[in-house]
Structure formats: structure tokens, C-alpha cells
Amino acid sequence: MDNITRRENEMPYVSDESVMNQMVRARQLTQQLNTMDRSDFNGLQAVVKQLLGKSENAWINPPFYCDYGFNIEVGKNFFANYNCTILDVAKVKIGDNVLFAPNVAVYTAGHPLHPVMRQSEYEYGIGIEIGDNVWIGGNAVILPGVKIGSNSVIAAGSVVTKDIPNWVVAGGNPCRVIRKITEADREYYYKDRKFDDEAMQNINEWLKGTDL
């Protein structure tokens with residue numbers, strides 16, 4: 001079995017010449033993205049569309065780093081802030097309206113624990129899934145095999161080692177559920193600070209044109 005097939009099946013594989021050749025396009029596109037005029041919004045968005053395996057109205061603030069690009073599938077309105085890294089050795093599937101704060105790291109890639117086995121050059125990639133309407137806080141790290149449920153928030157600085165359910169705030173190292181997100185949270189934009197009347201009126205008008 002060739003190493004590309006092994007990698008695609010989440011089996012141990014070696015980064016041989018055929019594997020490295022698959023990285024060329026992503027390196028060219030990320031180099032282009034990361035050196036472009038940052039005010040060329042249309043140009044930046046066009047490169048992002050070329051780079052990712054699937055996207056609709058995605059926006060990435062460079063610099064951005066990934067291994068292949070084609071293994072990253074994002075839904076509608078994905079936003080990644082500065083210095084995002086996605087090691088997409090395996091599939092990374094991200095839902096609609098997902099927000100990444102600066103310095104988010106998504107790692108599907110890993111190496112064996114035993115030092116002798118690491119020296120064999122075998123590595124692996126295990127897929128990651130992130131649901132709809134998720135917000136990942138700054139400097140959070142998401143490790144191989146993790147699934148994050150829809151409508152959840154991952155606190156800044158978290159290291160996500162296990163699955164996180166829908167509709168929760170989770171944080172820490174390792175990341176754990178802190179509490180549920182409820183309807184009562186609609187009133188607040190930050191801790192105990194409530195939306196003012198003008199903002200709420202605008203939000204309610206906007207909601208009339210949605211199915212939220």
C-alpha cells in the first residue's frame with residue numbers, strides 16, 4: 001500500500017516523495033497568501049478559495065499555515081484570525097459560521113509515543129470535526145481525533161484532547177465543559193454586560209430575515 005493511501009486511511013505512513021509532492025501546491029498558495037497586500041481583500045479571499053478543499057465565503061487573516069489545504073473543508077462564513085495553523089494530514093471538517101480567534105492551532109498530525117517508533121519515520125493523521133456556530137478562543141489547540149459540537153465556545157488557551165458536546169462553554173488544559181449555553185445568554189455580550197436597547201433593536205430587526 002502506498003503512503004498516500006495509508007495516510008488517507010488514517011494509518012501509519014511515511015512522508016516519502018509522493019507525500020511531499022502533494023504539499024507543493026499548499027506551500028505555494030500559503031506563500032502567496034502570506035505575502036500579499038493585506039488590504040487586497042478580494043485577492044486574499046480568492047487565494048483562500050483556491051487553497052481550501054471546500055469553502056463558501058471563507059475569510060482568513062494571514063499569516064496562515066497548512067500542509068495540504070485540500071483536506072480542509074469549511075462551511076459558510078468561516079473566519080480565521082491571524083496566525084492560524086491547520087495541520088491537515090487527515091480531514092478537517094468545519095461547519096457554518098465558525099470563528100477562530102488569533103493563534104488557533106488544529107493538529108490532525110501526530111507521532112508514536114515510543115521513541116524508537118518515532119525514529120522509524122512513521123507518523124499518522126486522525127480527522128477533526130467542528131460543528132456549526134462554534135467559536136474557538138485565542139491560542140487554543142485542538143488535537144487529533146477531536147469532535148467539537150455545534151454552538152459551543154472553546155475558551156482561550158484551551159488544549160482540546162477529547163470530544164466537546166453541543167451548546168457548552170469549555171476550557172482549560174485539558175479542556176473540560178464549564179457550563180451549558182442557555183437562552184439567558186442572549187442578553188449578554190460579555191460576562192455581566194447586557195446588550196443596550198439600540199443594539200437589541202438592531203439584532204431583532206436582523207433576526208426577522210433569518211431562521212435563527
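Each remark here, short or long, concerns the structure printed above.
The shown structure was predicted, so the numbers you read here are calculated from the model rather than taken from an experiment.

Let us now look at the packing of aromatic side chains. Note on aromatic pairs: each is described by the distance of the centres and the angle between the planes. In total, this model carries four aromatic pairs according to the counting rule given. On the numbers, 5.1 Å between centres and 85° between planes, the contact of Phe78 with Phe100 is edge-to-face. Placement of the pair is Phe78 in the loop between strand E5 (72–76) and strand E6 (79–80) and Phe100 in strand E9 (residues 99–100), with a sequence separation of 22 residues. Each member of the pair Phe78 and Phe100 is classed as buried. Here Arg7 stacks its cationic end above the ring of Tyr68, 4.4 Å away from the centre of that ring.

To continue, consider the nonpolar core. Proteins that are soluble and globular tend to have nonpolar side chains buried together. With 40 residues, the main nonpolar core has Phe100 and Ile148 as its most contacted residues. At four residues, the largest contribution of residues to this core is made by helix H4 (residues 41–51). The next biggest cluster of nonpolar side chains, apart from the first, holds six residues, and it includes Tyr13, Met23, Tyr68 and Val89.

Further remarks concern H4. Taken together, the buried positions of H4 are Gly43, Leu44, Val47, Val48 and Leu51. Projected down its long axis, H4 carries its buried residues within an arc of 140°, all on one side. Turned more than 90 degrees off the buried face of H4, the exposed positions are Phe41, Asn42 and Lys49. Each element contacted by the buried residues of H4 is listed here: helix H3 (24–35), strand E3 (59–60) and strand E4 (64–66).

Between its first and last C-alpha, helix H6 (residues 197–208) extends 17 Å over twelve residues, near the 16 Å set by a 1.5 Å rise per residue. Two or three places before Glu198, at the opening of H6, Asp196 has a side-chain oxygen 3.1 Å from that residue's backbone nitrogen.

On to the side chain of Asn61, then. Mapped onto the secondary structure, Asn61 falls in the loop between E3 and E4. A polar contact is formed between the side chain of Asn61 and the side chain of Asn81, at a distance of 3.2 Å. Apart from the residues lying within four places of it in its own chain, the contact partners of Asn61 are Phe79, Ala80, Asn81, Tyr82 and Asn83.

The next point concerns the sheet that holds strand E16 (residues 147–148). Ordered by their spatial adjacency, five strands build an open sheet running E2-E5-E8-E13-E16, and the pairing between neighbours is parallel. Here the strands that pair on one side only, and so sit at the sheet edges, are strand E2 (54–56) and E16. In the sheet, E2 pairs with E5 via two bridges, with the strands oriented parallel. Bridge pairing links Lys54 to Glu73 in E5.

Okay, the environment of Asn139 next. Its location among the elements puts Asn139 in the loop between strand E14 (135–136) and strand E15 (141–142). The exposure class assigned to Asn139 is partly exposed, which follows from its relative accessible area of 49%. In this structure, the C-alpha to C-alpha distance between Asn139 and Val159, residues 20 residues apart in sequence, is 8.8 Å. Those residues in contact with Asn139, other than ones at most four positions away along the chain, are Pro102, Asn103, Val104, Gly157 and Ser158.

So, about unusual backbone geometry. Put simply, Pro62 and Pro63 share a cis peptide bond, and its omega is 10°. Tracing the chain through its elements places Pro63 in the loop between E3 and E4. The omega angle of the peptide bond from Asn173 to Pro174 is 0°, so this bond is cis rather than trans. Among the structural elements, Pro174 can be located in the loop between strand E19 (168–171) and strand E20 (176–180). A positive phi angle, near 65°, is found at Asn103, a position not held by glycine. Counting through the fold element by element, Asn103 comes out in the loop between E9 and strand E10 (105–107). Although it is not a glycine, Asn139 sits at a positive phi angle of roughly 65°.

Read across the open sheet, the seven strands follow the order E3-E6-E9-E14-E17-E19-E20; overall the sheet is mixed. Unpaired on one side and paired on the other, E3 and E20 mark the two borders of the sheet. Bridging between E9 and E14 involves two bridges; their strand directions are parallel. Bridge assignment links Leu99 to a residue of E14, and that residue is Trp135.

Reading guide: rules and limits
- Residues numbered from 1 in each chain as written.
- Predicted model: local features only at pLDDT ≥ 70, side-chain atom pairs only at ≥ 80, totals over all residues.
- Heavy atoms only, no water.
- Phe/Tyr/Trp six-rings, centres within 6.5 Å; stacked < 30°, edge-to-face > 60°.
- Helix = DSSP H or I, 4+ residues; strand = E, 2+ residues; numbered from the N terminus.
- Buried < 20%, exposed > 50% of the residue type's maximum accessible area, 1.4 Å probe, protein only.
- Lys NZ or Arg CZ within 6 Å of the ring centre and 35° of its normal.
- Core = buried A, V, L, I, M, F, W, Y, C linked by side-chain atoms within 4.5 Å.
- Arc of directions from axis to C-beta.
- Contact = heavy atoms within 4.5 Å.
- Expected span 1.5 Å × (residues − 1).
- Polar contact = N/O pair within 3.5 Å; in protein donor to acceptor, adjacent residues only side chain to side chain.
- Pairing = 2+ DSSP bridges.

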